[in-house]
Amino acid sequence: MHEYSLANNLIELLREQKKEKKAKKILKVELDFGKLSGAEPVLFEEAFEILKKETEFKETELKINLIEPEIKCLKCGKTFNTPYFPFLCPFCENFGGEIIKGDKIFIKSLVIENF
Ligand SMILES: [Zn+2]
């Protein structure tokens, strides 16, 4: 499943961060989770909860902030929010647009415990 490989990537990232920051523990990770990322947040969370049990991040708490998509119309230049492809601009009814926000998943913050 897509969400499992994403959750695995997150664990790898946490490992790197832990090493880099010389942390004893990562207590909490907060993600900005774009609604257009193509992944399902609930499934992602489930996958992380299962996978983390086998790792040093057993106790790491996951917080997901859902990020609303923002699309910029290529015709009139206004921005709008739609979760659906193809993007229909509500202002000029042109199809298509550039995704400005909401198509990525990234770490927003980490709470760590030092030695
Ligand atoms: Zn438009």
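Refer to the structure printed above.
Now for a quick tour of the structure. (Residues numbered from 1 in each chain as written. Predicted model: local features only at pLDDT ≥ 70, side-chain atom pairs only at ≥ 80, totals over all residues. Heavy atoms only, no water.)

Before going further, it helps to spend a moment on helix H2 (residues 41-52). The first and last C-alpha atoms of H2 sit 16 Å apart over 12 residues, in line with the 16 Å expected at 1.5 Å per residue. Turning to H2, its buried residues are Pro41, Phe44, Ala47, Phe48 and Lys52. Seen along its axis, H2 keeps its buried residues to an arc of 120°; they face one direction. Its buried side turned inward, H2 meets helix H1 (2-20), strand S1 (23-34) and strand S2 (61-67). (Helix = DSSP H or I, 4+ residues; strand = E, 2+ residues; numbered from the N terminus. Expected span 1.5 Å × (residues − 1). Buried < 20%, exposed > 50% of the residue type's maximum accessible area, 1.4 Å probe, protein only. Arc of directions from axis to C-beta. Contact = heavy atoms within 4.5 Å.)

So, on to the pattern of salt bridges. Evaluation of the coordinates by the stated rule reveals 9 salt bridges. Lys104 is the salt-bridge partner of Asp103, the closest N and O atoms lying 3.5 Å from each other. Relative accessible area serves as the criterion here: at 29%, Asp103 is assigned to the partly exposed category. Relative accessible area serves as the criterion here: at 53%, Lys104 is assigned to the exposed category. Each of Glu12, Arg15 and Glu56 takes part in salt bridges that share partners, so that together they form one network. (Salt bridge = Lys/Arg side-chain N within 4 Å of Asp/Glu carboxyl O.)

Here the zinc ion is held by Cys73 (SG), Cys76 (SG), Cys89 (SG) and Cys92 (SG), and the distances to it run 2.3 to 2.4 Å. Coordination at the zinc ion is tetrahedral, judged from the 4 donor atoms that bind it and the angles of 105 to 115° they form at the metal. Within one chain, the residues donating to the zinc ion are spaced in sequence as C-x2-C-x12-C-x2-C. Of the two residues, Cys76 is situated in the loop between strand S3 (70-73) and strand S4 (79-80) and Cys89 in the loop between S4 and strand S5 (97-101); the sequence distance between them amounts to 13 residues. Classification of Cys89 as buried rests on a relative accessible area of 0%. (Donors = N, O, S within 2.8 Å, 3.2 Å for Na, K, Ca; no water. Tetrahedral: all angles 85-135°; square planar, octahedral: opposite > 155°, others 65-115°.)

Here 3 strands make up an open sheet; going across it, the order is S2-S1-S6 and the pairing mixed. The open sheet has two edge strands, S2 and strand S6 (105-114), and neither has a second partner. Sheet twist, expressed as the average angle between the axes of neighbouring strands with direction ignored, equals 20°. On the sheet, H1 packs against S1, S2 and S6 and is oriented at approximately 135° with respect to S1. (Pairing = 2+ DSSP bridges. Axes fitted to C-alpha atoms, helices over the stretch in contact; angles between N-to-C directions.)

Turning next to the packing of H1 against H2. Direction vectors running N to C along H1 and H2 enclose 55°, while the axes themselves pass 8 Å from each other. Compared by their axis directions, H1 and H2 come out oblique. Along this stretch, H1 crosses H2, giving a crossing that reads as right-handed. In this structure, H1 contributes Glu3, Tyr4, Leu6, Ala7, Asn8, Leu10, Ile11 and Leu14 to the contact, and H2 contributes Leu43, Phe44, Ala47, Phe48, Ile50, Leu51 and Lys52. Grouping the constituent residues of the contact of H1 with H2 by class yields 12 nonpolar, 1 polar and 2 charged. (Parallel < 35°, antiparallel > 145°, perpendicular 65-115°, else oblique. Left-handed = near helix turned anticlockwise from the far one by under 90°. Nonpolar A, V, L, I, M, F, W, Y, C, P; charged D, E, K, R; others polar.)

Moving on to the nonpolar core. Counting residues in hydrophobic clusters, the biggest one holds 14 residues, and the most contacted among them are Leu10, Leu14, Val29, Leu31, Phe44, Phe48 and Leu62. Elements supplying a minimum of two residues to this core: H1, S1 and H2. When near neighbours in sequence (up to four residues on either side) are disregarded, Leu62 contacts Leu10, Val29, Leu31, Phe44, Glu45, Phe48 and Glu49. Residues Leu36, Cys73, Phe80 and Phe87 belong to the second largest nonpolar core, which totals 6 residues. (Core = buried A, V, L, I, M, F, W, Y, C linked by side-chain atoms within 4.5 Å.)

What is shown is where atoms sit, not what they do.
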